[in-house]
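# Close look at the chain arrangement
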2 protein chains.
Amino acid sequence: MTMFADRLMASIEKKNTPCVVGLDPRIDSMPDVVVESARNKGGSEEEIVRRCITEFHEIVIDAIADLVPAVKLQAAFYEQYGLPGIVAMQDTIAIARRHDLVVILDAKRNDIDSTAAAYASAYLGETIVLGKSRRVFDVDALTVSPYLGSDSLLPFIRACERYEKGIFILVKTSNPESSSIQDLQVNEGGRLSPLFSAVARLVDDAASRLVGTCGYSSIGAVVGATFPTQALQLRKLMPRSVFLVPGYGSQGGTAKDVVACFNSDGLGAIVNASRSITYNLPAPEIKEQAFAELLRKRVETMRADIASAIPKSTVRA
Amino acid sequence: MTMFADRLMASIEKKNTPCVVGLDPRIDSMPDVVVESARNKGGSEEEIVRRCITEFHEIVIDAIADLVPAVKLQAAFYEQYGLPGIVAMQDTIAIARRHDLVVILDAKRNDIDSTAAAYASAYLGETIVLGKSRRVFDVDALTVSPYLGSDSLLPFIRACERYEKGIFILVKTSNPESSSIQDLQVNEGGRLSPLFSAVARLVDDAASRLVGTCGYSSIGAVVGATFPTQALQLRKLMPRSVFLVPGYGSQGGTAKDVVACFNSDGLGAIVNASRSITYNLPAPEIKEQAFAELLRKRVETMRADIASAIPKSTVRA
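Residues numbered from 1 in each chain as written. Chains lettered and ligands numbered in written order. Predicted model: local features only at pLDDT ≥ 70, side-chain atom pairs only at ≥ 80, totals over all residues. Heavy atoms only, no water.

Turning our attention to the interface of chain A and chain B. In this complex, chain A contributes 75 residues to the contact, which on the side of chain B involves 75 residues. Taken over both partners, the interface formed by chain A and chain B buries close to 5800 Å², and the fraction arising from carbon and sulfur atoms is 61%. In terms of surface lost to chain B, no three residues of chain A exceed L83, L130 and Y147 of chain A, which account for 15% of the buried area on that side. Put simply, chain A and chain B have 6 salt bridges between them. One salt bridge connects K108 of chain A with D111 of chain B, and the closest N-O pair in it is separated by 2.8 Å. At the boundary of chain A and chain B, one finds 32 residue pairs in polar contact (both at pLDDT 80 or more). At 8 residues, helix α6 (residues 113-123) of chain A tops the list of elements feeding residues into the side of chain A that touches chain B. (Contact = heavy atoms within 4.5 Å. Buried area = accessible area lost by both parts, 1.4 Å probe. Salt bridge = Lys/Arg side-chain N within 4 Å of Asp/Glu carboxyl O. Polar contact = N/O pair within 3.5 Å; in protein donor to acceptor, adjacent residues only side chain to side chain. Helix = DSSP H or I, 4+ residues; strand = E, 2+ residues; numbered from the N terminus.)

Okay, structure coming up:
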């Protein structure tokens, strides 16, 4: 085993891109052929739901695994389907692992103390189950919310240390009104600066404890593509943290916007696209092979777009 | 159906107490008899885990259902056991509903836009599953984190309106270092005030849209028992919001400390205790009936303690 940051950087280097595909199950937006095939195999509604989600992601991951270093599963979209959704989340994690992809779970968890430790056990570490240690969801990295304060992050950081996992702490999110909280001007020793920079300092402090041989830390930050000016500030405040960058594509962030999230070495960020890769189909009747080709084409376009924008990049599509 | 705030207030009035029991599955801390009984019924490890958690909560809820208006399930402790934990979470919700308890899920979820909407669908509303509307986890209220800003709260607020549900937004949490973020001094129109009061203003703004006939809103706030001075300020900033108060008992909050969370009508807060009620057993060998009696005794002691401290209370143990 190697540290999360080193595994992620090795995967970025191998695939030669910082582009990540987001996996957000929305059955109603999947190609008809996926849903029909899942229905035709019969069984209960729960079995059909699980099959839709799992088989959809099997197609997606098969199509794009050689083109990206990592996938980002959005927990909310799995949870909205209840148990079959969560079974399918486990399936998706297993499929991604089989393809040697780094698996990031975007679940934005946090809590205090032993409760935060339980989330860390669920997703990054181990749970003692009837006297035996068991890996539960076991992803490579988890997104974590900082609102509960520095001590609430510690159980996650400890799990990263112990199990060679990573976290991405929410710093500046991509939604328009993130400013209503994250940009509030905070007094720090007589100087006013936005809340997100206070959070960035917490992140950088934690990040310094978990720097890999690649020079980056397993403690990363979520910084939206939609706020390039803020990203530039944040890049300076958290030089060792990998930025997980949502907001490219459907949310309006462009390749030019994400440049600020990268360091001058052309590294230090991964850019996620979800809907713009896997949904918005030309027609719901699209066949499986055409869908797989569309997925590859979209990821290749994104790779080229991002590569062309990163200055002094070591990563080229 | 009636609004969440009205259902909660009716339940508080009926049970004559604002005390809530927290359900945090920790199999290793359960009475031996629960684990032995679950093992003796045989089956896979997953079946035994589910049975431990479900049967434990069956005993707990049977013992205390007539003594409290609501239970609070902590999602992290269910999730740490993976799928059987989440099946047992559904079981626990069903058992609590059968006993006519208000069910609060403490999951501290949030995200942006359609992702926040997916969480709202999972826990408060409905998901379209293969063309049909389905309730998924379907609790009465969910805890929600505010870090992503005002627009991230809207999908939850809309679900509360549409499905007569409630949310409790994290404002000031009970952990010692909550101050590292929540007490940062924020500049609001030239005046410095803590971040938690800026969040409280967001909460109060949302709360004003969903006030029930009881005078309280379905949009509540999480305010820890461990910070009575801050609670006093927050009580004034969010007069219509019910406070969900963690931190009483194991975390050191006393009945005197929680008084600040109540309005002068003796209402406006629910006080949660988890570990101090259901765990910390005198001996793991405790028998089922003795355990049930212990649970009742502890809840009765808490009820009396809280009732004696609330000034001008209409609620008496």
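Evaluation of the coordinates by the stated rule reveals 40 salt bridges over all chains. Here R134 of chain B makes a salt bridge to E45 of chain A, at a shortest N to O gap of 2.8 Å. With R134 of chain B in strand β5 (residues 132-135) and E45 of chain A in helix α3 (residues 45-64), this pair bridges two chains. The exposure class of R134 of chain B is partly exposed, given its relative accessible area of 30%. Residue E45 of chain A is classed as partly exposed on the basis of its relative accessible area of 26%. Residue R98 of chain B pairs with E58 of chain B through a salt bridge whose shortest N-O separation is 3.1 Å. In this pair, R98 of chain B sits in helix α5 (residues 82-98) while E58 of chain B sits in helix α3 (residues 45-64), placing the two residues 40 residues apart along the sequence. By relative accessible area, R98 of chain B is classed as exposed at 59%. (Buried < 20%, exposed > 50% of the residue type's maximum accessible area, 1.4 Å probe, protein only.)

With that out of the way, let us pick up the relation of the copies chain A and chain B. Each of the two chain copies goes to the other by way of a rotation about an axis and a shift along it. Overlaying chain A on chain B yields an RMSD of 0.0 Å, the required transformation being a rotation through 180° with an accompanying axial translation of 0.0 Å. What the rotation and shift describe, once combined, is the action of a two-fold rotation axis. For chain A, the residue whose C-alpha comes nearest the rotation axis is V186 of chain A, separated from it by 2.2 Å. Residue by residue, 100% of the interface of chain A is reproduced at the interface of chain B, so both copies engage with the same surface. (Least-squares fit on C-alpha atoms with pLDDT ≥ 70 in both.)

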